Amino acid sequence: MITSTRRVPPDKSEVRIAFSLDDTSDIKDVEDLAQTFPDLEQRLQPVPPCMSLRESVQVYKEHCRMAREFQHVKHEISILEERKRKLLAELVEDEKVAVEIVRLEEEFQRLTEENRSLVTLHSERRQQLERLCLANRTRQDSS
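For the structure given in this document, a descriptive report is provided here. In this text, all values refer to a predicted model and were calculated from it rather than measured experimentally. (Residues numbered from 1 in each chain as written. Predicted model: local features only at pLDDT ≥ 70, side-chain atom pairs only at ≥ 80, totals over all residues. Heavy atoms only, no water.)

1. Some points on the overall build of the protein
Note the threshold: Helix numbering and strand numbering both begin at the N terminus, where a helix is a DSSP run of H or I of at least 4 residues and a strand a DSSP run of E of at least 2. A simple rule labels every residue: compare its accessible area, found with a 1.4 Å probe on the protein chains alone, to the largest value its type can have, and call it buried under 20%, exposed over 50%, or partly exposed in between. The contact definition used throughout considers only heavy atoms, calling two residues in contact when any of these lie within 4.5 Å. Accessibility throughout is a Shrake-Rupley quantity obtained with a 1.4 Å probe, and a residue counts as covered only by protein chains that appear here.
Regarding its fold elements, the protein presents two helices and two strands. Counting from the amino terminus, the protein carries its helices and strands in the arrangement β-β-α-α. Expressed as a percentage of its 143 residues, the buried residues of the protein come to 10%. Pairs at least 24 apart in sequence give 39% of the contacts found in the protein among residues at least 6 apart. Carbon and sulfur atoms form 56% of the exposed surface of the protein, whose accessible area is close to 12,800 Å².

Shown next as structure tokens:
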């Protein structure tokens with residue numbers, strides 16, 4: 001640790017500047033960050049830094065941050081892929097339901113038309129029966 005003190009006039013306060021060539025604050029952070037990332041390929045794993053180089057420690061910390069972000073994004077992707085799979089299954093089911101609805105509507109139209117035809121035929125046969133009954137009565141009355 002190097003400390004420097006400068007003489008200043010009595011009306012000004014003394015200023016002390018201290019710095020160390022062996023700043024270990026980043027190293028402590030690196031020890032806290034020492035993580036493994038099992039989801040990452042071996043070639044993408046963060047390489048432990050050279051502790052004597054501050055830039056190496058910074059690169060390592062950034063690499064760890066990116067690895068955590070990668071894990072987070074990969075997790076989100078898996079959640080979204082699962083959601084997509086469920087939505088596609090729902091879509092297939094909805095398409096089956098839509099086909100069934102079309103089939104039922106066509107069947108309803110066919111049965112409705114068949115019902116109309118049968119009602120018309122029934123009405124015609126009733127009128128025919130009434131005419132025959134009336135004709136039969138008039139024949140019986142005239143005999």
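2. Some words on the environment of R43
Threshold: Throughout this description, a polar contact denotes any pair of N or O atoms lying within 3.5 Å of each other; where both atoms belong to protein, one of them has to be capable of donating a hydrogen while the other can accept it, and for residues adjacent in sequence the pair is counted only when both atoms sit in side chains.
Position of R43 among the secondary structure elements: in the loop between helix 1 (25–33) and helix 2 (54–142). A polar side-chain atom of R43 sits 2.9 Å from a polar atom in the side chain of E41.

3. Considering the pattern of salt bridges
Keep this limit in mind: Any carboxyl oxygen of Asp or Glu that lies within 4 Å of a side-chain nitrogen of Lys or Arg is treated as forming a salt bridge with it.
By the definition in use, this model includes eight salt bridges. Across the pair E62 and R65 runs a salt bridge whose closest N-O atoms are separated by 2.4 Å. With E62 and R65 both in helix 2 and three residues apart, the pair spans about one turn of that helix. According to the relative accessible area criterion, E62 is partly exposed, its value standing at 35%. A salt bridge links E82 to R85, with the nearest nitrogen and oxygen atoms 2.5 Å apart. Placement of the pair is E82 and R85 together in helix 2, with a separation of three residues, close to one helical turn. A residue is classified by how much of its surface remains accessible, and E82, at 32% relative accessible area, is partly exposed. Shared partners join several salt bridges into a network, and the residues in it are E62, R65 and E69.

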